[in-house]
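Architecture and fold: a report
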Amino acid sequence: MAIDDRTTAEPPVEAAPTTPGPGSTWGALRPLVLRVHFYAGLLIAPLLLVAAISGLLYALSFQAEKVLYRHELQVPAGDRVLPLSEQVDAARAAHPDGTVTAVWPSSEDGATTRVLMSSPEVEEGESLAVFVDPYTAEVRGDLPSYGSSGALPLRTWLDELHRDLHLGDLGRNYSEMAASWLWVVALGGLALWIGRKRTTRRELFLPARGPRSRRRTLSWHGAVGLWAAVGLVLLSATGLTWSRYAGEHIDAVRAQLGGATPTVSATLDGAAADGGTGHEGHGTAHHTSPAPKGPDVGIDKAVEAARTAGVTGKIAVTLPAEGNGYVVKETDTQFPVHLDSVAVDPADGTVIDELRFADHPVLAKLTRFGIDAHMGVLFGLANQLLLAALMVAVILLIVWGYRMWWLRRPTKDRRLSAGRPMPRGAWRKVPVTLLLPLAAATALVGWFVPMLGISLLAFLVVDIALGLLARARARARTRSAA
């Protein structure tokens, strides 16, 4: 993510075309990469800054929720856990207008049971989470809950801020634009930093010492960008899976390659269930369906049947709706994950379908890992701290980038002047044998990641217009001087 350390002299309007010599492919490409990196860093950085700050707050929200909602989440450990049916009845009694859709049994000593309801008390797309003491059936409180990850109000608010700035579909364009350009900026900066001439290997990995200067700022910008590059590219790739436009293309490719996420079939007539999208982390809340009619063995028997089938540990139980049975899923997303699931017939408690995470397609597994890592749940606290460190790195890289742009202004006694990009015409230095494949690849990527393609095209149009305007002014000055 380095910006060229050139002199501050004003560059010409157009760069004269040159023919690179043998072995100078990078020398021909570097001005073009530098120009794209400059404009992307300058114009997209504000979006990346918003995404980084909101992402940092989101990464810290997991631990903050444990403190803020400790009354609802934690209770003194008792000697005996009551049957789930009694805990559910207590939640129903506290909220008679709600309909129980799912239950998350207490998974460790001192943790409450979470009973999820569709209720008029919460907004559409959310569930009402009622927290029940598993030892006494005391209702400890209730909070809105979003998605299958069970995000509570604090994390939900920060998640929406990070995803769409609380502006709905319009706001999602900001996050998709940021994710679309993040990998371009990261890889371009990585290439520029590695391609610089240096006297020692230390200068590649560690920032330079010495007095404050543009060169020192550049060394911090490049070294930190080097260490963060892989994480930033992964964040960009996983973030695009939730995007509106690129996300559709990613889902289509996964489906074509047989990588769609399978789901367990809970239909009592044996019909196949719809496939999942793999976006459970930001999924919708549980929907209300008519309760089934007929015999029901109850939630305790259903959980017992699931545990006998090997679905143990931290689980979530979806109650049966009309035509469907119980669905009991493991929800431990920490690596190694435990995400097996079974469907149970409410009439007799037999397992009618089961799905093992080991049987998921490879692409579905990788998507699951990527989503959970992006959300900070794959490796628990370590994952959240790593995400926070990456977000701090992005913030610093942006600040350093703008600082270098400011220090590189050609006339430092003019406060409103600013640094200039590489001269126009950098593409002319690229050999045709490399330029044509590069242009084709850029067009393909721009189609697959539309927000990247549209914005890149807009940059190109504006740049051409400015170039034509500069030429016209230069000719006018020449004629007036003559």
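Here the structure is a predicted model, which means the values were calculated and not measured.

For strand S7 (residues 341-344) and strand S8 (residues 351-355), the ladder comprises four bridges, and the chain directions are antiparallel. Considered in S8, the bridge of valine 342 is made with glutamate 354. Linking two consecutive strands that pair antiparallel, namely S7 and S8, is a turn of six residues; a positive phi of about 80 degrees is found at glycine 349 within it.

Time to look at the pairing of strand S4 (residues 139-145). Pairing geometry for strand S3 (residues 127-132) and S4, over six bridges, is antiparallel. Along S4, the bridge assignment pairs alanine 129 with leucine 143. Between S3 and S4, which pair antiparallel one after the other, the connecting turn spans six residues, and alanine 137 there sits at a positive phi close to 65 degrees.

Attention shifts here to the packing of aromatic side chains. Inspection of every chain in the model, using the stated rule, returns ten aromatic pairs. The interplanar angle of 40 degrees and the centroid separation of 5.7 Å between the aromatic rings of tryptophan 181 and phenylalanine 459 together place this pair among those described as tilted. Here the residue tryptophan 181 occupies a position in helix H5 (residues 169-194), and phenylalanine 459 occupies one in helix H13 (residues 450-481), the gap between them amounting to 278 residues. The buried category is assigned to tryptophan 181, whose relative accessible area is 1%. Taking the centre distance of 5.7 Å and the plane angle of 75 degrees together, the rings of phenylalanine 335 and phenylalanine 369 count as edge-to-face. On the criterion of sequence distance, the pair formed by phenylalanine 335 in the loop between strand S6 (326-330) and S7 and phenylalanine 369 in helix H10 (residues 362-375) is long-range, its members being 34 residues apart. Residue classification places phenylalanine 369 among the partly exposed positions, given a relative accessible area of 23%. Through a chain of ring-to-ring contacts, the aromatic side chains of Phe335, Phe357, Phe369 and Phe379 assemble into a single cluster. One cation-aromatic arrangement involves arginine 198 over tryptophan 193; the distance from NZ or CZ to the ring centre is 4.7 Å. When the ring centre of phenylalanine 357 is taken as reference, the NZ or CZ atom of lysine 365 above it lies at 6.0 Å.

For the protein, the average pLDDT comes to 86, and 86% of its residues sit at 70 or higher. For the stretch residues 1-23, pLDDT sits under 50, and the model shows 63 contacts to residues farther than four places along the chain or on other chains. Scored below 50 in pLDDT, residues 270-287 makes 46 contacts in the model with residues more than four places away or belonging to other chains.

Take the environment of glycine 147 next. Mapped onto the secondary structure, glycine 147 falls in the loop between S4 and helix H4 (153-164). For the pair glycine 147 and serine 127, spaced 20 residues apart in sequence, the C-alpha to C-alpha distance is 8.2 Å.

The next point concerns helix H7 (residues 214-240). An ideal rise of 1.5 Å per residue puts 39 Å on 27 residues; H7 reaches only 34 Å between its terminal C-alpha atoms. The sharpest bend along H7 measures roughly 55 degrees and falls at alanine 228. Of all 27 residues in H7, 19 are buried; the element is thus mostly enclosed.

Glancing now at the environment of leucine 154. Note that leucine 154 resides in helix H4. Leave out the neighbours within four places in its chain, and leucine 154 touches Ser61, Ala64, Glu65, Leu68 and Tyr69.

Glancing now at the sheet that holds S6. Pairing is antiparallel across the open sheet formed by eight strands, whose spatial order is S4-S3-S2-S1-S5-S6-S7-S8. A strand with exactly one partner marks an edge of an open sheet, and here the two such strands are S4 and S8. Each strand of the sheet is rotated relative to its neighbour by a mean of 20 degrees, with strand direction disregarded. Packing of helix H3 (residues 84-94) onto the sheet brings it into contact with strand S1 (99-104), strand S2 (113-118), S3 and S4, and relative to S2 it is tilted by some 45 degrees.

What follows concerns H13. At 3.6 residues per turn, the α-helix brings residues three or four places apart onto the same side. If you check H13, its first and last C-alpha atoms are 46 Å apart, about what 32 residues at 1.5 Å a residue would give, namely 46 Å. Of all the positions in H13, only Pro450, Met451, Leu452, Gly453, Ser455, Asp463, Gly467 and Ala470 are classed as buried. Elements that come into contact with the buried residues of H13 comprise helix H1 (25-68), H5, helix H8 (246-256) and helix H12 (432-448).

A contiguous nonpolar patch, built from Val253, Leu257, Val362, Leu363 and Leu366 and spanning about 450 Å² of accessible area, is present on the exposed surface. With three residues, H10 is the single largest residue contributor to the nonpolar patch. Mapping leucine 257 onto the fold places it in the loop between H8 and helix H9 (299-308). Take leucine 257: its relative accessible area is 60%, and that puts it in the exposed class.

Parameters and conventions
- Residues numbered from 1 in each chain as written.
- Predicted model: local features only at pLDDT ≥ 70, side-chain atom pairs only at ≥ 80, totals over all residues.
- Heavy atoms only, no water.
- Pairing = 2+ DSSP bridges.
- Helix = DSSP H or I, 4+ residues; strand = E, 2+ residues; numbered from the N terminus.
- Phe/Tyr/Trp six-rings, centres within 6.5 Å; stacked < 30°, edge-to-face > 60°.
- Buried < 20%, exposed > 50% of the residue type's maximum accessible area, 1.4 Å probe, protein only.
- Lys NZ or Arg CZ within 6 Å of the ring centre and 35° of its normal.
- pLDDT = per-residue confidence, 0-100.
- Contact = heavy atoms within 4.5 Å.
- Expected span 1.5 Å × (residues − 1).
- Bend = angle between axes of the 7 residues up to and from the residue.
- Axes fitted to C-alpha atoms, helices over the stretch in contact; angles between N-to-C directions.
- Patch = residues over 30% accessible without salt bridge, like charges linked within 9 Å, V, L, I, M, F, W, Y side chains within 5 Å.
- Areas by Shrake-Rupley, 256 points an atom, 1.4 Å probe, with all protein chains shown as cover.
- Salt bridge = Lys/Arg side-chain N within 4 Å of Asp/Glu carboxyl O.

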